[in-house]
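Structure at a glance
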Amino acid sequence: MKFYKSRFAKAGIALAWATAIGCAQAYSEGSYYDDGTTAASQNSTVVTERRVATVASESQANMVLSQISSRLDGHSAASTGNSVSLLPQSGGNAGAMYHRGSIWMRAGYDNMKEDNTTRFGGWNANLWSFALGYDYKVNDKVLAGLALTYSNLNGSTKFNNGSIRDNAYGLVPYVAFLVAPSFDIDLMGGYSRVNKSRDRSVANLPTGPDDLSGPKATSKPKSDRYFAALFGNYKHHVNRWNLLARLGYLYVTDRQKSFTETGGNRSSVTGGRITDRQVAGFSTNVNRISHRLQAGYQAPNMVEPYIFLTYAHDFGATKMKVTDTFRDTLGNVDSGYVSPNTRRSNHTYGGGLGLNANIDTCWKTTMEANYLQSKKFRNVGGMLRIARTF
């Protein structure tokens, strides 16, 4: 009898421990709910962070790639941006290779949107990015540079009737090697200090867990965002057509620190207020292999319009630690809640148009527009780059 009592006691303890762990899971890294009463109060850092970190880092990588390409393609009047022109020197572009130094500025825009994160809706945000850079040709085959960056994110999270805002300050060192006239290898890394601001509407519990008309809960997380990238570029010229094939690897990690959230109703029973809530820090990691195929046509001697297609495959991305299903206070399953892990897509397709131009022998510019699609997430963006060599 004692044996069975002991076994039952141990089983009861184990069950209680498992239940405690299950309850604690709702408060695991990057996710928390109001006293387990509604999944709608999910914090935006769970849903948005992987997307934002990837788009922001890839934007930084692309701005450097456009500058490197303009510096290593010295044979074309339209050798800017992602140009791969290899036409002989003539007129305005004569002597482009002997310019050792270059200072450049770049402004970019990305509009991100993801539909139906939960039945309450998805989220959308605008990302503005700016860079000021300088590079120097050690010789005709080696280029080294550094860029200072700033980006601003502003958006709304419909799934919790809230908003997201980021301000990020960073730097990007880079180096490029011209292995052969038709092939170069580019290396770069980056760091950004990201100051985030989040708010969400807590459910109005007396009305019901689906009523997101409660008071606002606010937080100001901070994170350190790093990325590293390696790209190989193969170029080919046929008559006036300039062709590019690019293969690259991008690693991104956003290490968000623990933070405090304030505001919001505690529960319909106590009617109290949350003055502060500690949320554990967590990291978002993404590994991405990307491809780009591009064709440009040199029309006038100083202008080159181009078109491109892109594909990216993500692997080893962080899975967010959230509860996949939710039960309300009556034990009913809230099937409207969707885990961010089920929303994750490993495939991103895209394309766009661009224009490279030389203003004179020293001033060059690039304009580009692109569209990216991944499952129910899409990104529409554009950029303008101006550079001066000397």
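Our subject in this report is the structure included herewith. (Residues numbered from 1 in each chain as written. Predicted model: local features only at pLDDT ≥ 70, side-chain atom pairs only at ≥ 80, totals over all residues. Heavy atoms only, no water.)

**Describing the overall build of the protein chain**
In terms of helices and strands, the protein chain carries three helices and 15 strands. For the protein chain, the proportion of its 390 residues judged to be buried stands at 52%. Taking the contacts inside the protein chain whose residues are at least 6 apart along the sequence as the reference set, 67% of them involve residues at least 24 apart. Accessible surface, the protein chain: about 17,200 Å² in total, of which carbon and sulfur atoms supply 63%. (Helix = DSSP H or I, 4+ residues; strand = E, 2+ residues; numbered from the N terminus. Buried < 20%, exposed > 50% of the residue type's maximum accessible area, 1.4 Å probe, protein only. Contact = heavy atoms within 4.5 Å. Areas by Shrake-Rupley, 256 points an atom, 1.4 Å probe, with all protein chains shown as cover.)

**Regarding the nonpolar core**
Judged by nonpolar contacts, the single largest core of 23 residues is most densely connected at Met 63, Val 64, Ile 68, Trp 104, Val 172, Met 188 and Phe 227. Mapped by element, the contributors of at least two residues to this core are helix 2 (44-72), strand 3 (142-157), strand 4 (162-180), strand 7 (222-238) and strand 8 (241-256). For this core, the element with the highest residue contribution is helix 2, accounting for seven residues. Those residues in contact with Phe 227 that lie beyond four places of it in its chain are Ser 57, Gln 60, Ala 61, Val 172, Met 188, Gly 189, Gly 190, Leu 250, Tyr 251 and Val 252. Counting residues in each nonpolar core, the second largest holds twelve residues, with Val 47, Ala 56, Met 112 and Ala 125 among its members. (Core = buried A, V, L, I, M, F, W, Y, C linked by side-chain atoms within 4.5 Å.)

**Some thoughts on unusual backbone geometry**
Not every positive phi belongs to a glycine, and Asn 239 is a case in point at roughly 55°. Structurally, Asn 239 is set in the loop between strand 7 and strand 8. For Asn 239, a relative accessible area of 64% corresponds to the exposed category. Positive phi values are uncommon outside glycine, yet Lys 375 reaches one of about 50°. If you trace the backbone, Lys 375 turns up in the loop between strand 14 (363-374) and strand 15 (377-389).

**Side note on helix 2**
Here helix 2 is 29 residues long and its end C-alpha atoms lie 42 Å apart, about the 42 Å a rise of 1.5 Å per residue gives. Its maximal kink placed at Arg 50, helix 2 deviates by approximately 30°. The buried fraction of helix 2 is high, at 28 of 29 residues. (Expected span 1.5 Å × (residues − 1). Bend = angle between axes of the 7 residues up to and from the residue.)

**Details of the side chain of Lys 196**
By the element assignment, Lys 196 lies in strand 5 (residues 183-201). Judged by relative accessible area, Lys 196 falls into the buried class, the value being 3%. Side-chain polar atoms of Lys 196 contact the side chain of Glu 49, separated by 2.6 Å. Of the polar contacts made by the side chain of Lys 196, one reaches the side chain of Gln 256; its length is 2.8 Å. Once residues lying within four places of it in the same chain are set aside, the contact partners of Lys 196 are Glu 49, Arg 165, Asp 166, Ser 219, Lys 220, Pro 221, Ser 223, Asp 254 and Gln 256. (Polar contact = N/O pair within 3.5 Å; in protein donor to acceptor, adjacent residues only side chain to side chain.)

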